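These are the residues of each chain, in order.
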Amino acid sequence: MSTTPAIGMDRQPQAALAERCLYYMSMMREIEDRIERKLYRQGKIVGGVYVGRGQEAIPVGTALVARPDDVMLPAHRDLAVFLIRGVSAGRIFAQYMGREGGLTRGRDGNMHMGDLKHGIVAIISALAATVPVAAGVAMALRYKGIEGVAFSYFGDGATSRGDWHEGVNFAAVQKLPVVFICNNNQYAYSTPLSAQMACANVADRGPAYNIPAEIVDGNDVLAVHEATQRARAHAGSGKGPYLLECKTFRMTGHSAHDAAHYVPQGLFEEWGKMDPITRLEARMLAEGWAGQEALDRARAAVHREVDEAVAWAEQSPFPDAATLEEDVYESR
Amino acid sequence: MSTTPAIGMDRQPQAALAERCLYYMSMMREIEDRIERKLYRQGKIVGGVYVGRGQEAIPVGTALVARPDDVMLPAHRDLAVFLIRGVSAGRIFAQYMGREGGLTRGRDGNMHMGDLKHGIVAIISALAATVPVAAGVAMALRYKGIEGVAFSYFGDGATSRGDWHEGVNFAAVQKLPVVFICNNNQYAYSTPLSAQMACANVADRGPAYNIPAEIVDGNDVLAVHEATQRARAHAGSGKGPYLLECKTFRMTGHSAHDAAHYVPQGLFEEWGKMDPITRLEARMLAEGWAGQEALDRARAAVHREVDEAVAWAEQSPFPDAATLEEDVYESR
Amino acid sequence: MSTTYLEAIRQGMWEEMERDPNVFLLGEDIGVYGGAFKVTAGFFEHFGEKRVVDTPISEAAIVGAAIGAGLMGLRPVAEMQFADFITCGFDQIVNFAAKCRYRWGAAVPMVVRAPSGGGIHGGPFHSQNPEMWFVRTPGLKVVAPATAYDAKGLIKSAIRDNDPVIFFEHKGLYRRIKEDLPAEDYTVPIGVAKVAREGRDLSIITYGAMVWTALEAAGKLAEEGASVEVVDLRTLVPLDRETVCASVKKTSKALLLHEDTRTGGMAGELAATLTEAVFEYLDGPIVRVTAPDTPVPYSPPLEQAFLPNVEKVVEKARWLWRY
Amino acid sequence: MSTTYLEAIRQGMWEEMERDPNVFLLGEDIGVYGGAFKVTAGFFEHFGEKRVVDTPISEAAIVGAAIGAGLMGLRPVAEMQFADFITCGFDQIVNFAAKCRYRWGAAVPMVVRAPSGGGIHGGPFHSQNPEMWFVRTPGLKVVAPATAYDAKGLIKSAIRDNDPVIFFEHKGLYRRIKEDLPAEDYTVPIGVAKVAREGRDLSIITYGAMVWTALEAAGKLAEEGASVEVVDLRTLVPLDRETVCASVKKTSKALLLHEDTRTGGMAGELAATLTEAVFEYLDGPIVRVTAPDTPVPYSPPLEQAFLPNVEKVVEKARWLWRY
Ligand SMILES: Cc1ncc(C[n+]2csc(CCOP(=O)(O)OP(=O)(O)O)c2C)c(N)n1
Ligand SMILES: Cc1ncc(C[n+]2csc(CCOP(=O)(O)OP(=O)(O)O)c2C)c(N)n1
Ligand SMILES: [Mg+2]
Ligand SMILES: [Mg+2]
C-alpha cells in the first residue's frame, strides 16, 4: 500500500501541499466511513467507534508540518496523524477489528494505538492524560539534543481536566518544545462548550501559562497548516510551548451509538457547508491547482486503497488466547 | 477566653476595624510564635509546624468580611480564620499538641482542622484539594437558598495542581458564590514562583475562567479587607467566583525545620519592613485611631490571652488509645 | 413487569430524589443526555438542572464538589462515566472523603457510582474492576450488587448512608438481568452478604457479575452430585465476615471468585479471613478463580480468555470438591 | 563506615546517574533544596539542572512527564514528596504507565520514589503505606526494601529496570538503620525475597520497616525457645511466592505482618498464596498482625496503638507457636 501520492516537482508548492492535504483528508474520511458506516454495522468492529468527520483538516494540517524527529500524541479524532506518520490503513482497520495486524495486536482498540517507530504515543482513555506525557517527551527531546517538537492533541472538553493544566503549566515553566493543538469541536460528548468552560475560547487559557495562543479556522486545512508552521517554529526555537486552537464542529454524535439529539437544529447543516474536504477541493479548482478529473481520479484511488486495506485487515488473524499473559512486564 | 475586643460605638468605623484587624493579627502572630519558637523547641508540638508570619493580613483581612453563613476553607497559613470564626486559642494549641481538646481530638495535627459548627472545612495535605470542595460547598449554599459564600484559600504553589484548575473551572461554569483567595508569598516550599508558573501573577489565570481577578497588597490588612468586600459582593450576587491574589512574602522557612537558605539575601530584610502588624500600628498612630499606650495595652492583653490558652491546652489530656478505632464510620 | 438491573438503579435513585430534596446528581453528560448508559435518562426533565448537574470533564471536581455538598448536608450522587476514570478523582475519594469523619468528625454522605466490569469489548480503560483501591482504604464503604433487587435496595441504602459509598454497578448486568421488584419502598442493608444458593459440599464466595457465573457453575455441579453454596457478598466494605465464615464452617471448602485480577484482589482478603477464623474447619485448600494479572484486553479471544467463566469455575470447584 | 538507609538510596541513585547519562531526577524541591528528606542533597550541584529537575506542585505532571521521558528512552526517577501524594498522580501511574507495554509494546522505564510509613508523627497524610493500590495493578513492579543494603541494591535495579517501578522507602528507616555496604557496584534483583532470619517453628512474612519489628520479636521468642524464621519480601510485585511457600513448608506456621492497614492488605495476598499452594503443610491458622482499619492518627498514644509493634507480634506469634 502506498501512503503518499506522487508529487510533481514542477508544480507550485501550494498545489502540491493541497494535493497531499486532500489525499490524507480523503483517506481519513473514507477509512472512518468504512469503519463507522459499514464494518461497525456489520459487527466487524469490536468496540466503540469515534470518528473525526468534518475535523480532518486538524490532524492533516498539523501533522504535515511535523518533522521526522517530532513526536505525535494524537487524540481520538486524529486518525490522519497515523497515516501521515506512515502507518498503513490496513493496520488501522486491523486495530479496529481487534486483529493481530493492528498496532496493539488486539490488546486495545480503536484510536488507542501508538508506535514509537512511527513517533506516535498511544493515548489512554483518560482525557488529557497525554498532555503531561507530551511535556515529558519534549523534555527528553531537549535532553538528548534532538531538535524535535512534541505535538500534543486534545479536545475542548479535555482542557477541563487537571492533567491538562498541570501538563501545560509544566511545559510552559520548562519552556519545552510542545505544540498544543486543540480540536475545539464545541462539544464534549453531549456537553456544549458553555457547560465546559466559562471563557469563550480555549485560546483564552494561553495567558494563564504565558504562552502564545492562536485561533485558526479548523475547517481550512491550509490555514491550519500555516498556523502550525508558526507554532512549530516557536516551540522548536526554545521559546516554549504554543497553543493552537482549531475551531471546528463535530459532524457526528460523540460515537457511533450517539444520535446527537442534543445538538440544536441546523448546526449540522450550517457546518456541513464548511466541510474541509469540499472546501479544499473548491479552492484547488478555483486556484487552478487541479481539475475536476484529477480530483475524481484521486478519490477513486483512495477508494481502491481503502478497499485493499480492508481486505488486508480482514485476513489478519485474531490474537491467540495463549498470548494473553505475555508482555505485562518485560519478562515474567 | 474572650475572642473579640470591645469596640466603642462612637469610634469611627475604620478605627474600629483597624483595632479588630490588629487584635487578630497579633493573636495569630503570638500563637504561632509560641508554637514555633517555644512549644516546638520544647518538644510539646507533635508534628510539623507551618506558620504564616508576615502573612497575617490575608486571613484577617478576608475572614473579617465573611458573614455567619459563609463557609471558610482555610489553607495552612490562615490561622486567624479560626480565631475570627470563634475557635478559641486554647483549642488551637491543644490541636498542635495532639490533645483531646484540639479540633481533631488528636486524630490530626497542626492546621489540619475544621469544625462545621464554626463553618470551617478542614484542609487535607494534598494542596488545592479544598478548591473543588469549596465549589461543592458553594453549590450547597445556593441549593439550599442560603446567601452564603465559600472562601477558598490556597498558596501560589497550589495553583499548579490539577484540582485547582478543575475546581475554579467548575465554579466559574456554574457561577458559584466562591471567593478564591491566593496567598502569593512567592515561594512554595523551596520553589520560587518562576519555577512554579510562567505567568507573572496568579491573577493572570482569571481570564482562563472568565472570572474577575484582582491583585492586592497582601501586607496591608485594610486593603485586603476592602478588596475582599468587592470580591464577596461579586460572588454573593450570583455573578460567579472572584479571584483575589494577595501579594506577600513568606517570612520564614517553609516549616519549622527549614532554614530557607534558598531565599536570596536581603529579601527577608526588605519584606520585614512591610510587616503587616507594624504597618497597621503605624497607620493607626498616624490616623489618630489609637495611641501608643493603647497599642501597648492591646499587645499585653494578647500575651495574657495566649498564656491562658497555652495553659488550658497543656491540661487537656492526650486521647485515649482505646478510642483508636472509633469514628472511621458512623457506626461499626 | 420485570425490572432490569439498570432500571433498578434508576428507580432507586428516582425514589430517593422524590423522598429527600437533599439528594442530587452530578456527573458528565447525565443531564440532557441521560448518562452514557442512560441510567439517568429522564431525571433532568423531571428534577431540573438544580438537582441533575452536568459537569465539565473533571472527575476531581465532581468528587470534590460532592464532598463539599455532602459536608453541607446534601446527599450527592456522583457518576463516573466509567469506573476506570475514578483514578482521576482518586485523591479526593481516598484522602478527602474517606478521612473526614475520623479526622474532624465531619460526615460526608456521598455516593460515587462507578460502572465497572468487562465482557463488553471495552478494552483496558472501559472494563476494569477497581474495587480493591477502595476496599483497602479505611473510611469508605464499597458496594457491588449482583441482582436488580439488591441494586435498587443498595443504591437507596447508599444514598441514605452518612458515609461515602463507592457503588460498583456492573455494566455487563445493566440490561442482561431482570427480576420482579416489590412495588413498595425497600432497602438492602449495607454490610450484609446473602447466601444466593444453599449447599453442603463447597462454598463459592463472590460478588457482582460473577454471582451469576457461580450460580450457573453450581447448577452444573449439582448434576454431578456436588452441593455448592454460593455466597453473594453484596457489600465489600464493611465485609460480612460472619456469613462468609458460617458458610465455610458448614461446607469446609472455599472457592473464591472474582472478575478482578488476581494479585491483591478481594479473594486475598477472604482467604486471610477464612484461615484466621475457620482454619480448623477447612478440608482443602482455599482456591481462587480470578482474571489473570493483565490489563483487560480488547479483542474477543483475549477478553474471553481473561474473564473467569462457568467452565473455569466448574473445573476448579470439581477439583476442590473431590479433594 | 556505616551507611544509613537514606544514604544508601542516595548512593544508589548517584552511582546510576554517574553510570548512565539517561538517568535523571524530577520532583518537588529536589534540586537546590535537596528534597524534603535531603535524599537528593548535592545532586543539583553535581549533575546540574538538566538532570535534577525541580517541578511545580503537580504530581500528575511529574509522573506524566516521567512516562513521556521514559517512552523516549530516558530513565526518570520521580520523587513524590510523600507517598501520600501519589494519589494526585494516580491515573498516570495505574492507567498510563502500567499499561503501555501490554497495550502497544512500549517500555516505560520509570521509578517513582514514594517515602512512606508512619511512626514519625506525620498524621493521616504523611504516614500512609499505600503499596496495595499498586500491588493490585498489573504492569507495575512494587519494591519495599528494609535494609540499607537492599535499598541501594534495589534502587539501582529499579533504575535499570525496563518497567515502571514504585519504590517505597520507609521514612522511619531513613536515619534509624545503618550498615556497612560493599565498596563495589552491586544490585539486588527485583522479585527475590530474602530469609532474614532462619527458623524452624514459625514464619513471619513481612517487608519494609516491619522486618525490624519481626527480627526483634524473633529474638524475644528465641529466649522462650521458639525458632522463628523471618522472610523479608523486599519486592511485593513480582512476588517471590517460592521463597514464601518454602519457608512455610518448613515451619508449617505463618504470621503475616505489615504496617499497612488490615483489610485488603498484603497479608491477604500472602494468605491466599499459602492456602492455595501449601495448605497441607499448615499446622495452624495463618494469622495477621497489621494496623487496624483507620486513617493514621497523629497523637502519640493513638499512633502507638495504631502501629504494629514487637509486643503485638510476640503475642500473636507465641499463640501460633503453641497452637
Ligand atoms: C477522564 C475522562 N472522563 C471521561 C471520559 C469519557 N469521555 C470520552 S470522550 C469524552 C468527551 C471528550 O470531549 P472533547 O475533549 O471535547 O473531545 P471530542 O470528543 O469532542 O473530540 C468523554 C467525556 C474520558 N475518556 N476520560
Ligand atoms: C499534592 C501535594 N504535593 C506536595 C505537598 C507538599 N507541600 C506541602 S506545602 C508545599 C508548598 C506549598 O506552597 P504554596 O501553595 O505556595 O503555599 P505556601 O506554603 O507558600 O503558603 C508543598 C510542596 C503537598 N502538601 N501536597
Ligand atoms: Mg470536543
Ligand atoms: Mg507560597
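Keep in mind that this is a model prediction, so the values were computed, not measured.

### Section: the relation of the copies chain B and chain A
- Least-squares fitting of chain B to chain A yields an RMSD of 0.0 Å, with the transformation described by 0.0 Å of translation along the axis and a rotation of 180°. In short, the pair behaves as if placed about a two-fold rotation axis. Considering only C-alpha atoms, the residue of chain B closest to the rotation axis is B:G162, which sits at 1.7 Å.
- A shared binding surface is used by both copies, with 100% of the interface residues of chain B retained as interface residues in chain A.

### What about the coordination of the magnesium ion (ligand 4)?
Residue and element names in this part refer to chain B.
- With distances of 2.0 to 2.1 Å, the protein atoms coordinating the magnesium ion (ligand 4) are D156 (OD), N185 (OD1) and Y187 (O).
- Mapping the donors of the magnesium ion (ligand 4) onto the primary sequence yields the spacing D-x28-N-x1-Y. Within this pair, whereas D156 is found in the loop between β2 (150–155) and α6 (162–173), its partner N185 is found in the loop between β3 (178–184) and β4 (187–188), the two being separated by 29 residues in sequence. Like N185, D156 is buried.

### Notes on the site of ligand 2
- In the vicinity of ligand 2, 21 residues are found, and the nearest of them are B:H76, B:R77, B:G157, B:Y187 and D:E59.
- The local environment of ligand 2 is shared, drawing residues from chains B and D.
- Backbone polar atom of B:L127 to a nitrogen atom of ligand 2: 3.2 Å apart, as the coordinates give it.
- The class makeup of the residues in the shell around ligand 2 is nine nonpolar, seven polar and five charged.

### Side note on the interface of chain B and chain A
- Counting residues at the interface gives 22 residues for chain B and 22 residues for chain A.
- Here chain B and chain A share an interface that buries about 1,600 Å² over both sides, 50% of which is from carbon and sulfur atoms.
- Three residues stand out in chain B for area buried against chain A, namely B:H165, B:A198 and B:A208, and they jointly supply 31% of the buried area on that side.
- Taken together, the connections running from chain B to chain A amount to two salt bridges.
- As a salt-bridge pair, B:R161 and A:E166 come within 3.8 Å of each other at their nearest N and O atoms.
- Along the contact surface separating chain B from chain A lie 14 residue pairs in polar contact (both at pLDDT 80 or more).
- Every element with two or more residues in the side of chain B that touches chain A is listed here: α6 and α7 (193–196) of chain B.
- The leading source of residues in the side of chain B that touches chain A is α6(B), at seven residues.
- Grouping the constituent residues of the side of chain B that touches chain A by class yields ten nonpolar, eight polar and four charged.

### Here we look at the packing of helix α9 (residues 241–251) of chain C against helix α10 (residues 266–277) of chain C
Residues and elements named next belong to chain C.
- Two elements in contact, α9 and α10, have axes separated by 10 Å at closest approach and are oriented at 65°. As α9 runs across α10, the sense of the crossing is right-handed. In contact with R241, V244, C245 and V248 of α9, α10 contributes E269, L270, T273, L274 and A277.
- For the contact of α9 with α10, the residue count by class is six nonpolar, one polar and two charged.

### Some details on the relation of the copies chain C and chain D
- Mapping chain C onto chain D is achieved by rotating through 180° and translating by 0.0 Å along the same axis, at an RMSD of 0.0 Å.
- Both copies present the same face, since 100% of the interface residues in chain C are matched by interface residues at the equivalent positions in chain D.

### Some remarks on the coordination of the magnesium ion (ligand 3)
Residue and element names in this part refer to chain A.
- Within the protein, D156 (OD), N185 (OD1) and Y187 (O) serve as the donor atoms for the magnesium ion (ligand 3), at 2.0 to 2.1 Å.
- If you list the donors of the magnesium ion (ligand 3) from N- to C-terminus, the spacing comes out as D-x28-N-x1-Y.
- A relative accessible area of 4% means that N185 is categorised as buried.
- Residue Y187 is classed as buried on the basis of its relative accessible area of 10%.

### Points about the site of ligand 1
- The local shell around ligand 1 holds 21 residues, among which A:H76, A:R77, A:G157, A:Y187 and C:E59 are the closest.
- Contact distances for ligand 1 include 2.8 Å between an oxygen atom and a backbone N or O atom of A:G157.
- At 2.6 Å from a nitrogen atom of ligand 1 is found a side-chain nitrogen or oxygen belonging to C:E59.
- Burial of ligand 1 by the protein amounts to 96% of the accessible area it has alone, namely 580 Å².

### Let's talk about helix α1 (residues 13–39) of chain A
- Given a rise of 1.5 Å per residue, 27 residues ought to cover 39 Å, and the 37 Å separating the end C-alpha atoms of α1(A) matches this to within 8%.
- With 21 of 27 residues buried, α1(A) is to be regarded as a mostly interior element.

### Describing the pattern of salt bridges
- The final tally for this structure, using the stated rule, is 96 salt bridges over all chains.
- Between A:R230 and A:E214 there is a salt bridge, with its nearest N and O atoms 2.5 Å apart. Remark: A:E214 occurs in strand β6 (residues 213–217) and A:R230 occurs in helix α7 (residues 221–236); sequence separation between them is 16 residues.
- Among the residues examined, A:R230 registers a relative accessible area of 39% and is labelled partly exposed.
- Given the relative accessible area of 14%, A:E214 is considered buried.
- Two residues, B:D275 and B:R29, come together in a salt bridge whose shortest N-O distance is 2.6 Å.

### Observations concerning the domain arrangement of chain C
All names here are of chain C.
- Once the domains are mapped, chain C shows domain 1 (2–180) and domain 2 (194–322).
- Between the C-alpha centres of domain 1 and domain 2 there is a distance of 26 Å.
- Between domain 1 and domain 2, the contact holds 28 residues from the first and 23 residues from the second.
- Taken together, the two surfaces of domain 1 and domain 2 that pack against each other cover about 2,100 Å², and 59% of this comes from carbon and sulfur.
- Of all residues in domain 1, the largest losses of buried area upon contact with domain 2 belong to H121, M132 and A144, amounting jointly to 23% of the total for that side.
- Viewed at the interface, domain 2 and domain 1 are joined by two salt bridges.
- Notably, a salt bridge pairs K194 with D150, separated by 3.0 Å at the nearest N-O pair.
- The set of elements that each furnish at least two residues to the side of domain 1 that touches domain 2 consists of α6 (131–135), β6 (141–143) and α7 (148–160).
- Looking at the side of domain 1 that touches domain 2, its residues break down into 13 nonpolar, eleven polar and four charged.

### Comments concerning the pairing of strand β4 (residues 75–79) of chain D
All names here are of chain D.
- For β4, a buried count of five out of five residues is recorded, marking the element as mostly surrounded by other parts of the structure.
- Judged by which residues are buried, β4 turns out to be covered on both faces: R75, V77 and E79 on one side and P76 and A78 on the other are all buried.
- With five bridges joining them, strand β2 (residues 23–27) and β4 adopt parallel strand pairing. In the strand pairing of β4, G27 is matched with E79.
- One ladder, built from three bridges, connects β4 with strand β5 (residues 110–116); its direction is parallel. Bridge pairing in β5 links V77 to V111.

What counts as what
Residues numbered from 1 in each chain as written. Chains lettered and ligands numbered in written order. Predicted model: local features only at pLDDT ≥ 70, side-chain atom pairs only at ≥ 80, totals over all residues. Heavy atoms only, no water. Least-squares fit on C-alpha atoms with pLDDT ≥ 70 in both. Contact = heavy atoms within 4.5 Å. Donors = N, O, S within 2.8 Å, 3.2 Å for Na, K, Ca; no water. Helix = DSSP H or I, 4+ residues; strand = E, 2+ residues; numbered from the N terminus. Buried < 20%, exposed > 50% of the residue type's maximum accessible area, 1.4 Å probe, protein only. Near = heavy atom within 4 Å. Polar contact = N/O pair within 3.5 Å; in protein donor to acceptor, adjacent residues only side chain to side chain. Nonpolar A, V, L, I, M, F, W, Y, C, P; charged D, E, K, R; others polar. Buried area = accessible area lost by both parts, 1.4 Å probe. Salt bridge = Lys/Arg side-chain N within 4 Å of Asp/Glu carboxyl O. Axes fitted to C-alpha atoms, helices over the stretch in contact; angles between N-to-C directions. Left-handed = near helix turned anticlockwise from the far one by under 90°. Areas by Shrake-Rupley, 256 points an atom, 1.4 Å probe, with all protein chains shown as cover. Expected span 1.5 Å × (residues − 1). Domains from an automatic or database assignment. Pairing = 2+ DSSP bridges.

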